[in-house]
Amino acid sequence: SAFDNDIFLDSIIKVRNGEIMYKAVNFYLTMHPMLFTRLLEVLEELVDHSRVVNQLRRTGDWALQIGQAYMKSVQKSNLSAVNEALNELYIEDEDYESLRSSIDKFQNFNMIA
């Protein structure tokens, strides 16, 4: 295969055009979903987390599941888009303990959603 994940990850953090990073998010979701978490570990300090969550939502519910580890990692930023997406996943998974913990620690979310 012509795609080398390690070379790609080494290269993506060096690009000057930020839009390329969001295209990489879509590329990984579409072509390499099992490597998605690793991509976001590399890009975590470089991307807008709310924008990534919106990309995950547009891709589908399965993408939110794939992005759950990433969202947990960045939840410390207390962004409503991240908190709401995680809370929805906890409700869907009937993980009420994690939901309670999330709500107690991160209060920036829309309670109506």
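Residues numbered from 1 in each chain as written. Predicted model: local features only at pLDDT ≥ 70, side-chain atom pairs only at ≥ 80, totals over all residues. Heavy atoms only, no water.

K.L.:
Tell me about the pattern of salt bridges, and name the residues and values.
P.N.:
In total, this model carries 5 salt bridges according to the counting rule given. Put simply, Arg51 and Glu19 hold a salt bridge, and the shortest N to O gap is 2.6 Å. With a gap of 32 residues between them, Arg51 in helix 4 (residues 49–59) and Glu19 in helix 2 (residues 18–31) connect regions that are remote in the sequence. By relative accessible area, which is 32% here, Arg51 ends up partly exposed. The partly exposed category is assigned to Glu19, whose relative accessible area is 38%. Between Asp104 and Arg100 there is a salt bridge, with its nearest N and O atoms 3.3 Å apart. Placement of the pair is Asp104 and Arg100 together in helix 8 (residues 96–105), with a separation of 4 residues, close to one helical turn. Under the relative-accessibility criterion, Asp104 is labelled partly exposed at 45%. (Salt bridge = Lys/Arg side-chain N within 4 Å of Asp/Glu carboxyl O. Helix = DSSP H or I, 4+ residues; strand = E, 2+ residues; numbered from the N terminus. Buried < 20%, exposed > 50% of the residue type's maximum accessible area, 1.4 Å probe, protein only.)

K.L.:
Outline unusual backbone geometry, listing residues and values.
P.N.:
With a phi close to 55 degrees, Asn78 is a non-glycine residue in the positive phi region. Tracing the backbone shows Asn78 in the loop between helix 6 (68–74) and helix 7 (80–92). You can call Asn78 partly exposed: its relative accessible area is 27%. Positive phi values are uncommon outside glycine, yet Glu94 reaches one of about 55 degrees.

K.L.:
Before we move on, can you summarise helix 1 (residues 5–12) with the specific residues and values?
P.N.:
Along helix 1, the residues classified as buried are Asn5, Leu9 and Ile12. For helix 1, the angular spread of the buried residues around the axis is 70 degrees, confining them to a single face. Facing away from the buried side of helix 1 by more than 90 degrees, the exposed set consists of Asp6 and Ile7. On its buried face, helix 1 is in contact with helix 2 and helix 3 (36–43). Of the residues that open helix 1, the one with a side-chain oxygen 3.0 Å from the backbone nitrogen of Asp6 is Asp4. (Arc of directions from axis to C-beta. Contact = heavy atoms within 4.5 Å. Polar contact = N/O pair within 3.5 Å; in protein donor to acceptor, adjacent residues only side chain to side chain.)

K.L.:
Give me the environment of Leu46: which residues, what numbers.
P.N.:
Secondary-structure assignment places Leu46 in the loop between helix 3 and helix 4. The class for Leu46 is partly exposed, based on a relative accessible area of 43%. The spatial distance from the C-alpha of Leu46 to the C-alpha of Leu64 is 20 Å, given a sequence separation of 18 residues. If near-sequence neighbours (up to four positions away) are discounted, Leu46 is found in contact with Ile13 and Met21.

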